[in-house]
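Structure at a glance
Next come the chains, spelled out residue by residue.
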2 protein chains.
Amino acid sequence: MTNPAYVAVDWGTSSFRLWLIGRDGTVLAERRSGEGMTSAAKTGFSAVLAGHLTAIEAPENLPVIVCGMAGARQGWVEAGYIDVPAPLASILTGAVSVPGESRDIRILPGLAQRDIARPDVMRGEETQLLGALGRASSGAQAVCMPGTHSKWVHVTDSKVTGFSTFMTGELFDVISKHTILSHAVTGAEEQPADAAAFEAAVSAVFARPALASNLLFAARSGQLLHGISAAAAQARLSGTLIGLEIAGALQDAANGTTITLVASGRLQALYEQAFRTLSLAFTAIDADAAVRRGLSAAAEAIWPN
Amino acid sequence: MTNPAYVAVDWGTSSFRLWLIGRDGTVLAERRSGEGMTSAAKTGFSAVLAGHLTAIEAPENLPVIVCGMAGARQGWVEAGYIDVPAPLASILTGAVSVPGESRDIRILPGLAQRDIARPDVMRGEETQLLGALGRASSGAQAVCMPGTHSKWVHVTDSKVTGFSTFMTGELFDVISKHTILSHAVTGAEEQPADAAAFEAAVSAVFARPALASNLLFAARSGQLLHGISAAAAQARLSGTLIGLEIAGALQDAANGTTITLVASGRLQALYEQAFRTLSLAFTAIDADAAVRRGLSAAAEAIWPN
């Protein structure tokens, strides 16, 4: 077995993922938990990390590279932002050291877009972006990273020119739980997904995005008047929000831009379905692999050997 | 003092309003409470109404005309819908009687649009619509009735041709309370409203409605990066949602359509500000007066004397 070289951590808001990486780049061990920033801020980031490092018997001198919300203002150590436009490679620099630890622990910075009209921030996705594209990429790309706060990043010839957050996942969540649509979608999880309703909703809002808040309500009216199923109502809700996001994101994309989807699991399936419905060509990259590759790229830049 | 002729009730989801109307049409007494459908369903609609009628010493033989959620499926007596397209005057017919009451109590029906792609419902606003326009109106009008579920109703020559619900108010509510924007808007109520931020947000989303879920997130990014005030963040949120609604509503409006705003209080001020920002001409009608006139029109049609 190869010798361990470093530890990589993706520290999200509500999730924690850690990989022990060997000298040959392979994953030697992996840990996952719900100890994201929100809970670690109470327990103690140092203690949470130490617990996992002990569990995998990580050698004492191994350095740790961290991305994500551990670098937020309410995180472990504030890691700041790199302002776009900036080269992809600049993400590798600007990592901050965590003081008072026996190990060399570095937290990567986020990205900020300080445009007054279109301000924007990301933290964690920049590492995923780096892992998805690598330091050198050519042409104009729109990288789609769906989630609670979906990110669309515009990259031209290895330079991040700008990005936009669409709060699609969070809107889906609060609309499902706290609005009148909650009545329409209750029970959707027990039914098979309604692909036709999803695709129709994506197409409808993409054609007429200004109708978004009307098309959302139609999930409720459809239940009252036509008895549509919970799965159909949920599909209308997700299709409308995802279709709206794609419509907005493409407004910022120049002709000839290729779409790269960085996602995993259910979100990957939904976005692929949406892109196909809209006849949009795209490349798909697994999000978990991308963040791990990004963390590895940072580790190799910081601790070359 | 004129003799009382009938009682008029606007029974909302979370509000109750009652007027004692005289033979000459004047308001002799008024009652307001929070006993909307939600609470009346538990206490008992009959008991709630009886309490208010006793308080105003309404003569025993006076009939009562009711609009709103008392006629919903989870209301007092289900009053059904009139399907559009339909003449405005059809709202006056189709009222259902409440059985087992000593008084003659009628509940007006709602309106339904059974279009498969654009299903929609309203209950209560149809009475406000009738009171705003009267039975006879000419030309093409778009009647805007803002609220939790804003309604835009298209009326041509006294006929309701279609309508659309935009869940603007409800989205504002859940986004303010349950998303990351709650951090950005906390404290807005203690600050003066930020008119410039509101107008900029209306204009921005009206020009590019597909960016709605990105422009909403900008209220958060703006706080993180530029330290915008809570009032500015709240203005961005409301301006984006209201501007999106207007953009969507006008998509359904033919050229030469006049806009009639039926609103009161703070909503009236906000929508007037939005229309002016977008250089859209409009007529404003007070919502409270409109619903009372609509109830009176129904009472005069049902109990002519």
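Note that the structure is predicted; figures quoted are calculated from it, not measured.

With that settled, consider the interface of chain A and chain B. Each side of the interface is counted separately: chain A has 51 residues, and chain B has 51 residues. Where chain A abuts chain B, roughly 4200 Å² becomes buried across the two surfaces, and 63% of that area is made up of carbon and sulfur atoms. Where chain A meets chain B, there are two salt bridges. Here Arg 208 of chain B makes a salt bridge to Asp 252 of chain A, at a shortest N to O gap of 3.0 Å. Inspection of the region where chain A meets chain B yields 14 residue pairs in polar contact (both at pLDDT 80 or more). Sorting the residues of the side of chain A that touches chain B by element identifies strand E9 (110-113), strand E10 (120-122), strand E13 (159-166), helix H4 (168-178), helix H7 (212-226) and helix H8 (230-251) of chain A as the ones contributing at least two each. Take the side of chain A that touches chain B: its biggest share by element is 13 residues, from H7 of chain A.

With that settled, the discussion passes to the pattern of salt bridges. Under the defined criterion, the tally for this structure stands at 22 salt bridges over all chains. The residue Asp 252 of chain B makes a salt bridge to Arg 118 of chain B at a minimum N-O spacing of 2.9 Å. Remark: Arg 118 of chain B occurs in the loop between strand E9 (110-113) and strand E10 (120-122) and Asp 252 of chain B occurs in the loop between helix H8 (230-251) and strand E14 (258-263); sequence separation between them is 134 residues. Given the relative accessible area of 27%, Asp 252 of chain B is considered partly exposed. By relative accessible area, which is 16% here, Arg 118 of chain B ends up buried. Each of Asp 10, Arg 17, Glu 30, Arg 32 and Asp 288 of chain A takes part in a single network of salt bridges with overlapping partners.

Counting 84 residues, the largest nonpolar core has Trp 152, Ile 175 and Phe 275 of chain A together with Trp 152, Ile 175 and Phe 275 of chain B as its most contacted members. When near neighbours in sequence (up to four residues on either side) are disregarded, Phe 275 of chain A contacts Cys 144, Trp 152, Ile 246, Ile 259, Leu 261, Leu 280 and Phe 282 of chain A. Ranked by size, the runner-up nonpolar core spans 36 residues in total, among them Trp 19, Met 122, Ala 297 and Ala 299 of chain B.

Reading the values: rules and limits
- Residues numbered from 1 in each chain as written.
- Chains lettered and ligands numbered in written order.
- Predicted model: local features only at pLDDT ≥ 70, side-chain atom pairs only at ≥ 80, totals over all residues.
- Heavy atoms only, no water.
- Contact = heavy atoms within 4.5 Å.
- Buried area = accessible area lost by both parts, 1.4 Å probe.
- Salt bridge = Lys/Arg side-chain N within 4 Å of Asp/Glu carboxyl O.
- Polar contact = N/O pair within 3.5 Å; in protein donor to acceptor, adjacent residues only side chain to side chain.
- Helix = DSSP H or I, 4+ residues; strand = E, 2+ residues; numbered from the N terminus.
- Buried < 20%, exposed > 50% of the residue type's maximum accessible area, 1.4 Å probe, protein only.
- Core = buried A, V, L, I, M, F, W, Y, C linked by side-chain atoms within 4.5 Å.

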